[in-house]
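A structural walkthrough
One letter stands for each residue in the lines below.
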Amino acid sequence: MSINVSSCDCSTLPQTLISHGLFPTAPSQPRMAVSVELLSFYRALFERSCDAINALAAALSTYYSRRGFRVTNQQAAQWYTILQVEVEKQVESILQRCRRLVKPPAIASQSQHPPVSSVPPVTEREPLSQGSCAEILIQRCPACFGGVLFGTPLDKGGDIHVAMDGNFHHRHRRSAGDSPSSYEPSYFLPKVQVDAIGRRITQARRHPSKRTQSAVPDEAIDQCEASYEAADGQKQKASTDGFDDTGLMALICRHDIPLFFANIDTPGEQQKYGVALIDHLLSLLPPQANIVVLYDVGCVLSRSLSRFDILDQAVMSRLRFATTAMHAYGHEWACQLVYNPRLISGLGLSDGEGTERLWSRFIKLIGIERVSSVAAIGYEMRTELGDWVRRRLKKGVREQGSAAQEVLDNGGVSIAELKEQWANQRAAQLSIRARTYPFLPSKFFPFLADLTRCPHEAQERARHRALIASRLGHHY
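Residues numbered from 1 in each chain as written. Predicted model: local features only at pLDDT ≥ 70, side-chain atom pairs only at ≥ 80, totals over all residues. Heavy atoms only, no water.

1. Notes on the nonpolar core
Generally speaking, a soluble globular protein has its nonpolar side chains buried in company with each other. Within the largest apolar cluster, 77 residues are counted, with the highest numbers of intra-cluster contacts made by Phe145, Val216, Phe261, Leu285 and Leu319. With seven residues, the single largest contributor to this core is helix H9 (residues 271-282). (Core = buried A, V, L, I, M, F, W, Y, C linked by side-chain atoms within 4.5 Å. Buried < 20%, exposed > 50% of the residue type's maximum accessible area, 1.4 Å probe, protein only. Helix = DSSP H or I, 4+ residues; strand = E, 2+ residues; numbered from the N terminus.)

And the structure:
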């Protein structure tokens, strides 16, 4: 098909083609042009399905070849996508400048100007501080990062909830090469940044570990570390043959919107990836913001960061770790009492399982370029943020809240008594005496139980049992 295009000397050939709705396949002296509308459809299909886009590309190649056009690897779609990204950056930059112009002046702190109200507050609230998050975070999720008041204590849920997880199905072939040098992915952390965190961790672990008082016995966390593959950074989880990146580490907000990613280039899921994502997030938040991080093995990562000087103490005082809701039930009970999000006050319906829902949306996109799929899904999830909040308010807050209140009303026990009993249970089951001893035979358990009750009576009972055992021919 031939089209007559009018042009003049004041415009280059690519400019003339684009003004007529055609995108050139080369920056100078193009031999072929593709309809911009077709490229827009191609990009929309690219963001939805790997199989469909591969089929469309193969069909177009066959179609043009049969009509005598020599189709080479011109990569018009790739350069069209890069230009679209640049246009989006320019638009976002203009919007940011406009936001700064219309942004209201900072509100004075509550301590200087207390609110005037005839209704007394129901509960005392902690004084919050003024601050603002980086524009890139506000762009990703305005519900999480669009606020200006921070400082909610961690024991009341903190200011921001995020979750992270690794996935070893999204691998990158070494032969595919890197993205064009003119394109800088905004979602992926550079390898240099991640490796710097890895060196910092290695250097910190060369020093003796600090003696810290943990709420969970070390024996319980050791059992959790041995039970989960995510805690073993040396175990190979994916084949490295032909791949330079064997997986992805994702950081998402509580609304399941992806924030940042890190390429995994080691056999296992090492701690440097999670720490790098947390460190990068903290650099974009105001210094008074408190963060709760949900992770499959949050108990193990929390212990590592508290024992070694990997992050500054000022940063550690703003962090709290929890396990994800589904994986929590595979942890030791003593660990669940401290790290299970369903047992932590202030976390609400944050379950940390949004990464699993994100991986589910990525299933059809594993075979194509990951950067474009991440950006497309992140944009789609941000536009659906209102529906997400509405569903949670209906099915989560209202329905589950009503069911829980009904149980409390019909239980016949006061809330104060329930809180007291729960505090006593936590104190008893977090004690080192509540731990079992897997290295001892089960016949020693009665003696250990007696020792925890009363050492003097235990000695008498031990002599009595030994006497009976000797008469029966058993040996302890």
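There is more to say, and it comes next.
2. Some points on helix H8 (residues 218-227)
Because each turn of an α-helix spans 3.6 residues, side chains separated by three or four positions end up pointing in the same direction. Taken together, the buried positions of H8 are occupied by Ala220, Ile221 and Cys224. Down the axis of H8, the buried side of the element spans an arc of 95°, and every buried residue falls inside it. Looking at the buried positions of H8, the neighbouring elements they touch are helix H10 (298-307) and helix H13 (333-339). (Arc of directions from axis to C-beta. Contact = heavy atoms within 4.5 Å.)

3. Considerations on the pairing of strand S8 (residues 247-253)
A large share of S8 lies buried, amounting to seven of its seven residues. Covered by surrounding structure in S8 are Gly247, Met249, Leu251 and Cys253 together with Leu248, Ala250 and Ile252, the residues of both alternating faces. Inspection of the sheet shows strand S5 (residues 160-167) paired to S8 by six bridges, in the antiparallel sense. Each bridged residue has a counterpart across the sheet, and for Gly166 the counterpart in S8 is Met249. Where S8 meets strand S9 (residues 258-264), six bridges bridge the pair, whose relative direction is antiparallel. Looking across to S9, one finds that Gly247 is bridged to Ile264. (Pairing = 2+ DSSP bridges.)

4. A look at the packing of aromatic side chains
A full pass over the atoms with the stated rule returns one aromatic pair. Between Phe188 and Phe261 the ring centres are 5.6 Å apart and the planes differ by 25°, which places this aromatic pair in the stacked class. On the criterion of sequence distance, the pair formed by Phe188 in the loop between strand S6 (172-173) and helix H7 (191-205) and Phe261 in strand S9 is long-range, its members being 73 residues apart. Between the NZ or CZ atom of Arg140 and the centre of the ring of Tyr187, over which it lies, the distance is 3.7 Å. (Phe/Tyr/Trp six-rings, centres within 6.5 Å; stacked < 30°, edge-to-face > 60°. Lys NZ or Arg CZ within 6 Å of the ring centre and 35° of its normal.)

5. What about the sheet that holds S8?
Two strands in a sheet stick together by hydrogen bonds in their backbones, pointing the same way (parallel) or opposite ways (antiparallel). Overall, mixed pairing links the five strands, which are arranged S9-S8-S5-S10-S11 in an open sheet. Across the chains shown, the open sheet's two edge strands, defined by having one partner strand only, are S9 and strand S11 (319-322). Taking the axes of each pair of neighbouring strands and ignoring which way they run, one obtains an average angle of 20° across the sheet. Relative to the sheet, H10 contacts S5 and S11, its axis offset from that of S11 by approximately 145°. (Axes fitted to C-alpha atoms, helices over the stretch in contact; angles between N-to-C directions.)

6. Some points on the packing of H9 against H10
Across the interface, H9 lies against H10 with an axial gap of 12 Å and an inter-helix angle of 75°. Judged by the inter-axis angle, H9 sits roughly perpendicular to H10. Across the interface between the two elements, Gln271, Val275 and Ile278 of H9 pack against Val300, Leu301, Ser304 and Leu305 of H10. Of the residues in the contact of H9 with H10, the class split is five nonpolar, two polar and no charged. (Parallel < 35°, antiparallel > 145°, perpendicular 65-115°, else oblique. Nonpolar A, V, L, I, M, F, W, Y, C, P; charged D, E, K, R; others polar.)

7. Topic: the confidence of the model for the protein
Taken residue by residue, the protein gives an average pLDDT of 76. The fraction at 70 or more is 71%. Throughout residues 368-372 the model reports pLDDT below 50, and contacts reaching past four residues in sequence, or to other chains, amount to 16 contacts. Per-residue pLDDT stays below 50 along residues 439-455; that stretch engages in 17 contacts with residues further than four places along the chain or on separate chains. (pLDDT = per-residue confidence, 0-100.)

8. Remarks on a positive patch on the surface
On the surface, Arg391, Lys394, Lys395 and Arg398 cluster together into a positively charged patch. Following the sequence through the fold, Arg398 ends up in helix H16 (residues 385-410). (Patch = residues over 30% accessible without salt bridge, like charges linked within 9 Å, V, L, I, M, F, W, Y side chains within 5 Å. Areas by Shrake-Rupley, 256 points an atom, 1.4 Å probe, with all protein chains shown as cover. Salt bridge = Lys/Arg side-chain N within 4 Å of Asp/Glu carboxyl O. Lys, Arg positive; Asp, Glu negative; His and termini not counted. Charge placed at Lys NZ, Arg CZ, Asp CG, Glu CD.)

9. Here's the deal with the side chain of Thr16
Topologically, Thr16 is positioned in helix H1 (residues 13-19). Residue Thr16 is classed as buried on the basis of its relative accessible area, which comes to 6%. If sequence neighbours within four positions are ignored, Thr16 has contacts with Val5, Ser6, Ser7 and Ser11.

10. As for the packing of H8 against H10
Running from N to C, H8 and H10 point in directions that differ by 125°, and their axes come no closer than 9 Å. With respect to H10, the axis of H8 lies oblique. In this structure, H8 crosses over H10, and the sense of that crossing is left-handed. Here Asp218, Ile221, Asp222, Cys224 and Glu225 of H8 come into contact with H10, specifically with Cys299, Val300, Arg303 and Arg307. (Left-handed = near helix turned anticlockwise from the far one by under 90°.)

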